[in-house]
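The lines below spell out each chain.
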Amino acid sequence: MTKKKKGLVATVIFTLVSILYVSPLFIVLMNSFKKKAFINLEPFSLPSEKTFIGPENYLNAVDKYGFLQAVIWTVVITVGSVLVILLCTSMFAWYITRVKSSTTKLLYLLCVFSMVVPFQMVMFTLSNTADKLKLNTPWTIPVVYLGFGAGLAIFMFVGFVKSIPLEIEEAARIDGAGHFTTMWKIMLPQAMNLGSVIILNSVIAAWNAWLPASIYVPRSRHLWPLQLVINQLINENKDFLDSANPDYSKYLIQFAAIIVAAAPLILLFPFFQNKLEKGVIGGGVKG
């Protein structure tokens, strides 16, 4: 088999695998625009004039479950987490790389060690700390997310900083630049590719975080992020098979909620795709 034919076969195989992965989300998308009677009668067919209901399921999610408010809180938590992780880890990684001492080496090892510690191992202790420090609100929970999201970011930033010649920073100091100027105007602009990887990783982790949100976010319903609202919908439908008169409308609202939860990350990925490979390579260089 020639190289061209092998490439064609590989393309066909990966295309089929991609369709297999995307098909469940596509089925959910189709059913989110159907009337409730047809989720059981025609679950795998495209919406037709008879089955199409328009955006009603999405409007019901906003009206009955406060979905728009949940999206807003999720955006607040996600953006706050990304900013805190990106700013704090980049500065910390730069410091422990440029300052050579036994203390900075120990701090780096502790950060790397945090990457292998399961979240379930520390979640109760972290929850107790968050309660005592009043960090269990959507505005302050990014600080908690920093606690278990900083390890990977610091590890990658340290690798990147080691790959940058120290002479660049020395030249900046000769020109009168201080530490903060060197950090913000020289180091961070060069780390854009790596920053994109860390941003995307942090966005996915914060946006999809159900377990941390269920532990640290208050029980107040109006402060729930997206994943907790979706979990409520799933719990309401868990006795579906035992019900004599199942309420299909809740399933359709759940489908609409899943699409709203998945769409931002799907739309965000193409903007970072070109920088992912360069960022991973840049973060892996040890110099």
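Details of the structure are given in the entry above.
Rules and cut-offs
Residues numbered from 1 in each chain as written. Predicted model: local features only at pLDDT ≥ 70, side-chain atom pairs only at ≥ 80, totals over all residues. Heavy atoms only, no water. Helix = DSSP H or I, 4+ residues; strand = E, 2+ residues; numbered from the N terminus. Buried < 20%, exposed > 50% of the residue type's maximum accessible area, 1.4 Å probe, protein only. Contact = heavy atoms within 4.5 Å. Areas by Shrake-Rupley, 256 points an atom, 1.4 Å probe, with all protein chains shown as cover. Expected span 1.5 Å × (residues − 1). Bend = angle between axes of the 7 residues up to and from the residue. 1 Å grid on protein atoms, 1.4 Å probe; cavity = no way out; pocket = protein on both sides within 12 Å on 5 of 7 lines; lining within 4 Å. Points joined across faces, edges and corners; volume = space filled by probe spheres on them.

Student: Looking at this structure, I do not really get the overall build of the protein. What am I missing?
Tutor: Scanning the protein for helices and strands turns up 13 helices and zero strands. Secondary structure elements of the protein, listed N to C terminal, follow the sequence α-α-α-α-α-α-α-α-α-α-α-α-α. Taking all 287 residues of the protein together, the buried fraction comes to 38%. At a minimum sequence separation of 6, the contacts of the protein that also span at least 24 residues come to 72%. Looking at the protein as shown, the accessible area adds up to about 16,900 Å², and 69% of this sits on carbon and sulfur atoms.

Student: I keep staring at helix α7 (residues 141-162) and nothing clicks. Help me out?
Tutor: In an α-helix, one turn spans 3.6 residues, which is why side chains three or four residues apart end up on the same side. Taking 1.5 Å per residue as the helical rise, α7 with its 22 residues ought to reach 32 Å, and the 31 Å between its terminal C-alpha atoms agrees with that figure. Helix geometry: α7 is bent most strongly at G149, by close to 55°.

Student: Would you mind showing me how to read the layout of surface pockets here?
Tutor: Where empty space is left in the structure can be found by rolling a water-sized probe over the atoms. Taken as a whole, the largest pocket encloses approximately 510 Å³ of empty space. Lining the largest pocket are 26 residues, and of these Y145, G147, F148, G149 and G151 lie nearest its centre. Elements supplying a minimum of two residues to the lining of the largest pocket: α4 (67-98), α6 (119-132), α7 and α10 (192-207). Among the elements that make up the lining of the largest pocket, the one with the highest residue count is α7 (eight residues). When its volume is computed, the second largest pocket comes out at roughly 150 Å³.

Student: What should I look at first to understand empty space enclosed by the protein in this one?
Tutor: Counted by the stated rule, this structure contains two cavities of 30 Å³ or more. Its volume calculated, the largest cavity comes out at about 60 Å³. If you go around the largest cavity, the residues you meet are S90, A93, W94, F157, F160, V161, M183, M187, L188 and A191. Broken down by secondary-structure element, the contributors of at least two residues to the lining of the largest cavity are α4, α7 and α9 (179-190). Of the pockets and cavities examined, the second largest cavity occupies roughly 40 Å³. Taken together, T74, I77, Y145, A206, W207, A209, A213, P225 and Q227 make up the lining of the second largest cavity. Mapped onto the lining of the second largest cavity, the elements with two or more residues apiece are α4 and α10.

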